[in-house]
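# Examining the three-dimensional arrangement
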Amino acid sequence: MLPIRAAARLAALSLGLALAAGPALAQPKPNVVVMGEDADEDAVPRGNRIFQRVIAELSETMNLRGYNVYDETAVAMGFTQPNRVRRRDAELIEVARAVSNPPLDVVAVFQIYASASKSAYSDIVRPEVRIPGRLLNVRTGQSLGSFEVAGVQLPPLPQGCDRECLLERVGGEAKIIAGDVAAALTAKLDGVVAPRRGAEPGAGAGAAPGAGAAVAAAPGAEACGGLPTAYVVRMTGFSAQEVQAAEEYMAAFRCYEHHRPVRAGASAAEYWYETRSDSARLGRNLRLMLEHMSAPGQVQFSGNTFVLSRVATR
């Protein structure tokens, strides 16, 4: 009879082969929300027409590049004040994490700084616009990239330009600059979610010698694309042997990146688990894992946490 550890390795490889032989599942594009940070008193506030033109340009550019872009007001109006201004980045991140339908993966945060300066040698007045933007993983807080457009010499304002004229001229220039920022941020996001080879089933720690090559060559194997995402996998009520077996399984799942134990005890364990799989595939794999282990249990998921509970039987 095989030891428990060796049996878990072989079962994990079998599970990996079963998944590889199944139909290839396309990784969905991340769900993105574009949000403006205007806590700085010098930044253009939310609701200003310049702000609205910039956020529309950022959203449209990312939408045209194939990302699922959601309007913040539409998805969060049920539990936030839609017209709230001067918000810090901590508030923006909390709002993005609170949205569950649809679950948001990436928040694109931007700021707008607009002013006008008069030449020291003439009465020429030029607008100045600076727009920094950055991408954050909603679940983990990981920075996915940033970009800023500044220092662009803009056409001078016409003589007698009043407030209406100033808002329209600066808004038009800010819209063009926002397009450049959006293109750069989208290129950075493309690089993060680009498919890559190397996370095939059986390639994880503990694979049996010679088995990894066979698994990698399995029909239906596809490159792992998608946003690298971290989940908390919490196991309760399992024996030490079952926890060890589950770790072997999880390291064999397709698109596995790596995992790190957070805490462990006699009957409970918690892992920080990084993968390019989406939550649906990971949840299905965990349920299959319990089935292959012949361990009656339940799998619950909320936010970015999977809870595996052992159901004791007589």
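Scope of this entry: the structure provided in the associated data block. (Residues numbered from 1 in each chain as written. Predicted model: local features only at pLDDT ≥ 70, side-chain atom pairs only at ≥ 80, totals over all residues. Heavy atoms only, no water.)

### Concerning the overall build of the protein
Within the protein one finds eight helices and 11 strands. Across the 314 residues in the protein, those meeting the buried criterion constitute 43%. Within the protein, counting contacts between residues at least 6 apart in sequence, those at least 24 apart form 72% of the total. With an accessible surface of roughly 15500 Å², the protein has 53% of that area assigned to carbon and sulfur atoms. (Helix = DSSP H or I, 4+ residues; strand = E, 2+ residues; numbered from the N terminus. Buried < 20%, exposed > 50% of the residue type's maximum accessible area, 1.4 Å probe, protein only. Contact = heavy atoms within 4.5 Å. Areas by Shrake-Rupley, 256 points an atom, 1.4 Å probe, with all protein chains shown as cover.)

### Observations concerning the packing of helix α7 (residues 240-252) against helix α8 (residues 279-292)
Close contact between α7 and α8 brings their axes to 10 Å; oriented N to C, the two are set at 135 degrees. Judged on the interaxial angle alone, α8 and α7 are oblique. Regarding α7 and α8, the two cross each other, and that crossing is right-handed. Residues Ala 246, Tyr 249 and Met 250 of α7 pack against Leu 286, Met 289 and His 292 of α8. Each residue belonging to the contact of α7 with α8 can be placed in one class, and the counts come to five nonpolar, one polar and no charged. (Axes fitted to C-alpha atoms, helices over the stretch in contact; angles between N-to-C directions. Parallel < 35°, antiparallel > 145°, perpendicular 65-115°, else oblique. Left-handed = near helix turned anticlockwise from the far one by under 90°. Nonpolar A, V, L, I, M, F, W, Y, C, P; charged D, E, K, R; others polar.)

### Description of the environment of Asn 68
Tracing the sequence through the fold places Asn 68 in strand β2 (residues 68-70). By relative accessible area, Asn 68 is classed as partly exposed at 31%. Here the alpha-carbon distance between Asn 68 and Asn 31, two residues 37 residues apart in the chain, equals 4.9 Å. Not counting chain neighbours up to four residues away, the residues in contact with Asn 68 comprise Lys 29, Pro 30, Asn 31 and Val 32. In terms of polar contacts, Asn 68 uses its side chain to reach the backbone carbonyl oxygen of Lys 29, at 3.3 Å. Among the polar contacts listed, one links the side chain of Asn 68 to the side chain of Asn 31, at a separation of 3.3 Å. (Polar contact = N/O pair within 3.5 Å; in protein donor to acceptor, adjacent residues only side chain to side chain.)

### With respect to the packing of helix α2 (residues 49-64) against helix α5 (residues 163-193)
It is the contact of α2 with α5, at a shortest axis distance of 8 Å, that shows an interaxial angle of 30 degrees. In terms of axis orientation, α2 runs roughly parallel to α5. The element α2 and its partner α5 pack so that their crossing is right-handed. Tallied by class, the residues present in the contact of α2 with α5 amount to 12 nonpolar, five polar and six charged.

### Observations regarding the pairing of strand β11 (residues 305-310)
In this sheet, β11 lies alongside strand β7 (residues 229-236) in parallel orientation, the contact comprising five bridges. Residue pairing for β11: Arg 234 is matched across the bridge by Val 307. The pairing of strand β10 (residues 297-302) with β11 spans six bridges and is antiparallel. Bridge pairing links Gln 300 to Val 307 in β11. (Pairing = 2+ DSSP bridges.)

### So, α2
Structural remark: α-helix, 3.6 residues per turn; residues separated by three or four positions point the same way. Between the first and last C-alpha of α2 there are 22 Å, a value that for 16 residues agrees with the 22 Å anticipated at 1.5 Å per step. Listing the buried residues of α2 in full gives Ile 50, Phe 51, Val 54, Ile 55, Glu 57, Leu 58, Thr 61 and Met 62. Angularly, the buried residues of α2 cover 160 degrees about the axis, an arc narrow enough to put them on a single face. The residue sitting at the N-terminus of α2 and contributing the capping side-chain oxygen is Asn 48; that oxygen lies 2.8 Å from the backbone nitrogen of Ile 50. In the stretch just after α2, Gly 66 is the one whose phi turns positive, near 100 degrees. (Expected span 1.5 Å × (residues − 1). Arc of directions from axis to C-beta.)

### As for the packing of aromatic side chains
Summed over the entire model, instances satisfying the criterion amount to five aromatic pairs. Taken together, a centroid distance of 5.6 Å and an interplanar angle of 45 degrees make the contact between Tyr 256 and Tyr 273 tilted. Of the two residues, Tyr 256 sits in strand β8 (residues 256-264) while Tyr 273 sits in strand β9 (residues 268-275), which places them 17 residues apart along the sequence. Among the residues examined, Tyr 256 registers a relative accessible area of 14% and is labelled buried. (Phe/Tyr/Trp six-rings, centres within 6.5 Å; stacked < 30°, edge-to-face > 60°.)

### Quick word on the environment of Arg 88
Mapping Arg 88 onto the fold places it in the loop between α3 (72-76) and α4 (89-98). Its relative accessible area of 57% is what places Arg 88 among the exposed residues. For the pair Arg 88 and Glu 37, spaced 51 residues apart in sequence, the C-alpha separation works out to 6.0 Å. If we skip the residues at most four places from it in the chain, Arg 88 touches Glu 37 and Ala 39.

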